[in-house]
Amino acid sequence: MPREHRYPSDLTDAQWALIEPLLPAPNTGGRPEKHSRRDIVDAILYVVRTGCAWRQLPFDFPPWQTVYWYFVRWEKAKVTEEILAILRRRVRTAQGRAEEPSAGIIDSQSVKGADTVGCESRGYDAGKKINGRKRFIVTDTLGLLLVVCVMAASVQDRDGAKTTLLSAYLVTPIRFVFADAGFAGALVEWSQRILRTTLHIVRKAPGQVGFAVIARRWVVERSLAWLTSHRRLARDYERHPATSEAMIRWAAISGMVRRLTRGRAATRQPARTLNGSN
């Protein structure tokens, strides 16, 4: 039976048509699934978008225990990783690019950790003055997520990047990665020697004062902004880093299906004052 209430985070019919075939087939020979898979996915996306706790899912979704069971089960089966890869290829093809990228961009983001974040996976980023976790992501040159690794905020960029670059090496063909000056130094030589991957450091223009858009780097920074527009990602609430990574992948999946059905990247609404003028 369809739900009476629809939420802005829900998938449209066109978006669900993209996701449904990518989910694992139901188990055969057992009891039929009681709840619609579309409602399960919509419930997961509601949590990611609004930031509510699992137990606070609106009553018209399936029971939160059921939704969480699917969330965990699909993560164990690496479903989000597979969906992400397929959707990314489709977005790239729609944009006139090759299915697989040849270059990537790496960056990190430190976010505050809630009291639910375990002490064994949280730390203090002295540079950003943040107690919590650090997210490392690699995107393609369109800003589409390739890999994500979540660690304690105390992990230095050069150290966390090794795990992230290794993950990108194993699951993508990219062997050229852009990075900011925080990744300079021994990491450049390590990437070339161990991963046969060129890490190109994109530096600020000499004498630059204040903010300026820097070629290549703005793409991954925009991707981080897209991700943190999902309130569950505004800070880290997850007990385990792997759950944080799953939440980030679901946010990226939501963005990709919207991009595919919209036919272009999102554009920001113009700023308006209280009287309605620009």
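The notes below deal with the structure included here. (Residues numbered from 1 in each chain as written. Predicted model: local features only at pLDDT ≥ 70, side-chain atom pairs only at ≥ 80, totals over all residues. Heavy atoms only, no water.)

Turning to its location among the elements, arginine 133 is positioned in strand E3 (residues 130-139). Residue classification places arginine 133 among the buried positions, given a relative accessible area of 0%. A polar side-chain atom of arginine 133 sits 2.9 Å from a polar atom in the side chain of aspartate 236. (Helix = DSSP H or I, 4+ residues; strand = E, 2+ residues; numbered from the N terminus. Buried < 20%, exposed > 50% of the residue type's maximum accessible area, 1.4 Å probe, protein only. Polar contact = N/O pair within 3.5 Å; in protein donor to acceptor, adjacent residues only side chain to side chain.)

Looking now at the environment of isoleucine 137. Here isoleucine 137 shows up in strand E3. For isoleucine 137, a relative accessible area of 1% translates into the label buried. Taking the C-alpha atoms as reference points, isoleucine 137 and leucine 165, 28 residues apart in sequence, are found 9.2 Å from one another. Once you skip the residues sitting within four places of it in the chain, isoleucine 137 turns out to touch Ile105, Ile106, Asp107, Leu145, Val147, Val148, Val220, Ser223, Leu224 and Leu227. (Contact = heavy atoms within 4.5 Å.)

By the element assignment, arginine 135 lies in strand E3. Here arginine 135 occupies a buried position and makes no salt bridge, while the nearest side chain of opposite charge, aspartate 236, is found at 4.9 Å. A polar atom in the side chain of arginine 135 sits 2.8 Å from the backbone oxygen of leucine 233. Once residues within four sequence positions are removed from consideration, arginine 135 is found in contact with Asp107, Ser108, Gln109, Val111, Cys149, Val150, Thr228, Leu233, Arg235, Asp236 and Ile248. (Lys, Arg positive; Asp, Glu negative; His and termini not counted. Salt bridge = Lys/Arg side-chain N within 4 Å of Asp/Glu carboxyl O.)

What follows is about the pattern of salt bridges. The full count for this structure, using the stated rule, is 11 salt bridges. Taking the shortest distance from any N to any O, the salt bridge between glutamate 100 and arginine 89 comes out at 2.7 Å. Of this pair, glutamate 100 sits in the loop between helix H4 (79-94) and strand E1 (104-112) while arginine 89 sits in helix H4, and the two are 11 residues apart along the sequence. For arginine 193, the salt bridge is made with glutamate 189, and the minimal N-O distance between the two is 2.9 Å. Of the two residues, arginine 193 and glutamate 189 are both situated in helix H6 (residues 186-195); the distance of 4 residues between them amounts to about one turn of the helix. Judged by its relative accessible area of 45%, arginine 193 falls in the partly exposed class. Overall, the relative accessible area of 43% leaves glutamate 189 in the partly exposed class. Among the charged side chains, a network of salt bridges with common partners joins Arg6, Asp10 and Asp42.

Enumeration over the complete set of coordinates arrives at 2 cavities of 30 Å³ or more. Quantified by volume, the largest cavity comes out at close to 40 Å³. Every residue along the wall of the largest cavity is listed here: Arg135, Arg232, Leu233, Arg235, Asp236, Tyr237, Glu238, Ser244, Met247 and Ile248. Examining the composition of the lining of the largest cavity, we find that 3 residues originate from one element, helix H8 (residues 241-262), more than from any other. Taken together, the residues that form the lining of the largest cavity break down as 4 nonpolar, 1 polar and 5 charged. (1 Å grid on protein atoms, 1.4 Å probe; cavity = no way out; pocket = protein on both sides within 12 Å on 5 of 7 lines; lining within 4 Å. Points joined across faces, edges and corners; volume = space filled by probe spheres on them. Nonpolar A, V, L, I, M, F, W, Y, C, P; charged D, E, K, R; others polar.)

Moving on, we get to the environment of glutamate 245. Tracing the chain through its elements places glutamate 245 in helix H8. Put simply, glutamate 245 and threonine 80 are 165 residues apart on the chain and 9.9 Å apart in space, counted from C-alpha to C-alpha. In this structure, glutamate 245 is in contact with Val148, Cys149 and Val150, ignoring residues within four places of it in sequence.

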